[in-house]
Amino acid sequence: MSALRALPPAKPVLDVNNLTKWYGRTHALDALSLTVEPGEIVGFVGPNGAGKSTTLRILMGLVAPSGGTAEILGRSALNGSPWVRSAVGYLPGSPALYPRLTSRECLHFLQRVRGVDCNARVTELAARLEVDLDKHIHDLSRGNKQKTAFIAALMHSPRLLLLDEPTSGLDPLVQREVERVLREEAADGVGILLSSHVLSEVEALADRVVMLH
C-alpha cells in the first residue's frame, strides 16, 4: 500500500461543484456537480462533445475552468498542486507515450518523475495484461499502447482514478482483466471516475452513473 493510501480516507475523494467551461461562445460544460466516494466506481457517460473529457482535463489541471470548484482528497484540484496530482491516476482518451522508448523505459521514467518505486506493481500489471515491457512503443499495437498507459495510471497506487475510455482498443479477454483490476482497486478504497461509451462496461462496473447531456 502506498503512503497516500495509508492516509485516513477523505469523504469524498472527489467533490465537484458547479464546474463550468466556456470555449469562446461554446458552452462545453454547464455547472457540473458530482462526487466520488472512497471505493466507489462512478460511470461518466454522455454523447460526444458533452464535456466528459473536458471535465477530466480540468481535474488534472490541463484546462482552466470558467467557474466552479473541484476538490480531490479535500484539497483544491484547480491550483496545480503536485500533492493532489500525485494522488490521481489519469488515463486520457488518447494517451501520449514516448515512442522511442520501450514500455519498461517509459514506465521507469514516469517512476523517476513521481519519485516512487513502482517496479513491483508494474511487473504485476504487465503480467496480468500480457504486456511485453521490452518492446519499443512505436512497435506496439493500439491495444498494447493502451495497456501501457493503463499501467502508468495505476502503478503508483493512487487514491483516485480518472479513466477516459480505459478499454479502448483492447480485446475482450483483456477487457475482462481490466475490469477485475478496477474492482480490486475499488475494494482497496480507491475512488474511480470511469468515462466510457461502452454501456455494458459501465453497467458491469459502476455503482452509480452520472450522465451529461
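As the structure is a prediction and not an experimental result, all values here were calculated from the model.

## A word on the pattern of salt bridges
Item 1. Taken as a whole and judged by the stated rule, the model has nine salt bridges.
Item 2. With a closest N to O distance of 3.6 Å, Glu124 and Arg128 form a salt bridge. Here Glu124 and its partner Arg128 are both found in helix α5 (residues 119–129), four residues apart, which amounts to about one turn of the helix.
Item 3. Of the residues examined, Glu124 reaches a relative accessible area of 33% and is grouped as partly exposed.
Item 4. For the salt bridge of Glu177 with Arg180, the shortest nitrogen-to-oxygen distance reads 2.7 Å. Of the two residues, Glu177 and Arg180 both sit in helix α7 (residues 172–187), three residues apart, roughly one turn of that helix.
Item 5. Because the salt bridges share partners, they merge into one network encompassing Arg121, Glu124, Arg128, Glu177, Arg180, Glu184 and Glu185.

## Notes on the sheet that holds strand β8 (residues 191–195)
Item 1. Strand order in the open sheet formed by five strands is β6-β7-β8-β3-β9, and the pairing between neighbours is parallel. The strands lining the two open edges of the sheet, one partner per strand, are β6 (88–91) and β9 (208–211). The mean inter-strand angle of the sheet, taken between neighbouring strand axes irrespective of direction, is 15°.
Item 2. Relative to β8, strand β3 (residues 41–45) runs parallel, the two being bridged by four bridges. Directly across from Ile41, in β8, lies its bridge partner Ile192.
Item 3. Across the face of the sheet, helix α2 (residues 52–59) comes into contact with β3, β6, β7 (160–164) and β8 while running at roughly 145° to β7.

## Notes on the packing of aromatic side chains
Item 1. Here the structure, examined in full by the defined rule, presents one aromatic pair.
Item 2. Centre to centre, the rings of Tyr98 and Phe109 are 5.5 Å apart; their planes meet at 85°, and the pair counts as edge-to-face. Of this pair, Tyr98 sits in the loop between β6 and α4 (103–114) while Phe109 sits in helix α4, and the two are 11 residues apart along the sequence.
Item 3. Relative accessible area serves as the criterion here: at 39%, Tyr98 is assigned to the partly exposed category.
Item 4. Between the NZ or CZ atom of Lys21 and the centre of the ring of Tyr23, over which it lies, the distance is 5.0 Å.

## Side note on the packing of α4 against helix α6 (residues 142–154)
Item 1. At a closest axis distance of 10 Å, the pairing of α4 and α6 adopts a crossing angle of 20°. One element, α4, and the other, α6, form an angle in the roughly parallel class. Of the two possible hands of crossing, α4 and α6 adopt the one that is right-handed. Contacts between α4 and α6 involve Ser103, Leu107 and Leu110 on the former and, on the latter, Thr148, Ile151 and Ala152.
Item 2. When its residues are assigned to classes, the contact of α4 with α6 shows four nonpolar, two polar and no charged.

## A closer look at the side chain of His156
Item 1. Locating His156 in the fold gives a position in the loop between α6 and β7.
Item 2. Within polar-contact distance, the side chain of His156 engages the side chain of Arg114 at 3.4 Å.

## Description of a nonpolar patch on the surface
Item 1. A grouping of Tyr98, Phe109 and Val113 is seen on the molecular surface, where their side chains present a nonpolar patch of about 290 Å² in accessible area.
Item 2. Examined against the element boundaries, Val113 turns out to sit in helix α4.

## Digging into the sheet that holds strand β4 (residues 67–72)
Item 1. The strand order β2-β1-β4-β5 describes an open sheet built from four strands, whose pairing is antiparallel. Only two strands of the sheet have a single neighbouring strand rather than two, namely β2 (26–36) and β5 (75–76).
Item 2. Bridge count for strand β1 (residues 14–23) against β2 is seven bridges, and the pairing is antiparallel. The residue bridging Lys21 from the neighbouring strand is Leu29, located in β2.
Item 3. Sheet contacts for α2: β1, β2 and β4; angle to β1, the most-contacted strand, approximately 115°.

About the thresholds
- Residues numbered from 1 in each chain as written.
- Predicted model: local features only at pLDDT ≥ 70, side-chain atom pairs only at ≥ 80, totals over all residues.
- Heavy atoms only, no water.
- Salt bridge = Lys/Arg side-chain N within 4 Å of Asp/Glu carboxyl O.
- Helix = DSSP H or I, 4+ residues; strand = E, 2+ residues; numbered from the N terminus.
- Buried < 20%, exposed > 50% of the residue type's maximum accessible area, 1.4 Å probe, protein only.
- Pairing = 2+ DSSP bridges.
- Axes fitted to C-alpha atoms, helices over the stretch in contact; angles between N-to-C directions.
- Contact = heavy atoms within 4.5 Å.
- Phe/Tyr/Trp six-rings, centres within 6.5 Å; stacked < 30°, edge-to-face > 60°.
- Lys NZ or Arg CZ within 6 Å of the ring centre and 35° of its normal.
- Parallel < 35°, antiparallel > 145°, perpendicular 65-115°, else oblique.
- Left-handed = near helix turned anticlockwise from the far one by under 90°.
- Nonpolar A, V, L, I, M, F, W, Y, C, P; charged D, E, K, R; others polar.
- Polar contact = N/O pair within 3.5 Å; in protein donor to acceptor, adjacent residues only side chain to side chain.
- Patch = residues over 30% accessible without salt bridge, like charges linked within 9 Å, V, L, I, M, F, W, Y side chains within 5 Å.
- Areas by Shrake-Rupley, 256 points an atom, 1.4 Å probe, with all protein chains shown as cover.

None of this, on its own, says anything about what the molecule does.
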